[in-house]
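# Reading the structure
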Amino acid sequence: MSAKTHALTTAVGLVSGPLIAFSAVPPVAGEVVLVMAPDSFQRERLVVEAGGELIGPRQAVFGSLAISEDPNFAALLKSSGAWFVVDGRTFARLCGVEV
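Okay, so let's go over this structure.

Conventions used here
Residues numbered from 1 in each chain as written. Predicted model: local features only at pLDDT ≥ 70, side-chain atom pairs only at ≥ 80, totals over all residues. Heavy atoms only, no water. Helix = DSSP H or I, 4+ residues; strand = E, 2+ residues; numbered from the N terminus. Buried < 20%, exposed > 50% of the residue type's maximum accessible area, 1.4 Å probe, protein only. Contact = heavy atoms within 4.5 Å. Areas by Shrake-Rupley, 256 points an atom, 1.4 Å probe, with all protein chains shown as cover. Arc of directions from axis to C-beta. Pairing = 2+ DSSP bridges. Axes fitted to C-alpha atoms, helices over the stretch in contact; angles between N-to-C directions. Core = buried A, V, L, I, M, F, W, Y, C linked by side-chain atoms within 4.5 Å. Salt bridge = Lys/Arg side-chain N within 4 Å of Asp/Glu carboxyl O.

Our focus in this paragraph is the overall build of the protein chain. Scanning the protein chain for helices and strands turns up four helices and four strands. Order of helices (α) and strands (β) in the protein chain, N terminus to C terminus: α-β-α-β-β-α-β-α. Counting only residues that meet the buried cut, the protein chain has 30% of its 99 residues in that class. A sequence separation of at least 24 residues applies to 58% of the contacts in the protein chain between residues at least 6 apart. By element, 65% of the accessible surface of the protein chain is carried by carbon and sulfur atoms, the whole surface being about 6100 Å².

Next up, the structure:
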């Protein structure tokens, strides 16, 4: 195995474990969620139509943080086309944001 392949395999292994663990945490009603969808415009539309508010980042490539008091917010986002909707509190902390 080349050094480049070994380094890439190691990097993927180190990053994928925490990402899988964080993404397994279900969203909590009334708390911040991480919404993953194809582009920022579609994410903002999905969040607003589901009765939520986008709290940032607005120009992220695949994910944004949002909040709503609606207990069905995550289900509405998923049924409208969001790829994933997971607990956003941990992701916010990783980005240095306290929510």
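Residues of helix H2 (residues 40–49) that are buried include every one of Ser40, Arg43, Leu46 and Val47, and no others. End-on view of H2: buried residues confined to an arc of 125°, all on one side of the axis. What points out from H2, more than 90 degrees from its buried face, is the exposed set Phe41, Val48 and Glu49. Those residues of H2 that are buried are in contact with strand S1 (33–36), strand S2 (53–56), strand S3 (63–67) and helix H3 (73–80).

We now examine the sheet that holds S2. Ordered by their spatial adjacency, four strands build an open sheet running S2-S3-S1-S4, and the pairing between neighbours is antiparallel. Every other strand in the sheet has two partners, leaving S2 and strand S4 (84–87) as the edge strands with one partner each. Going across the sheet, the axis of each strand differs from the next one's by a mean of 40°, ignoring polarity. Strand direction decides the pairing type here: S1 and S3, joined by four bridges, are antiparallel.

Turning our eyes to something else, we now look at the nonpolar core. Among the nonpolar cores identified, the biggest contains 13 residues, and Val33, Val35, Val47, Ala66, Phe73 and Leu77 are the most heavily contacted of them. Of all the secondary structure elements, the ones that give two or more residues to this core are S1, H2 and H3. Of all the elements, H3 adds the most residues to this core, at three residues. Sequence-distant contacts of Ala66, that is, excluding residues within four places in its chain, are made with Glu31, Val32, Val33, Val35, Val47, Glu53, Leu54, Ile55 and Phe73. In this structure, Val32, Leu65, Phe91 and Ala92 belong to the second largest nonpolar core, which totals six residues.

Moving on to the pattern of salt bridges. Counted by the stated rule, this structure contains two salt bridges. The partner of Arg45 in a salt bridge is Glu49, with the nearest N and O atoms 3.2 Å apart. Placement of the pair is Arg45 and Glu49 together in helix H2, with a separation of four residues, close to one helical turn. Taking the shortest distance from any N to any O, the salt bridge between Asp87 and Arg89 comes out at 3.0 Å.

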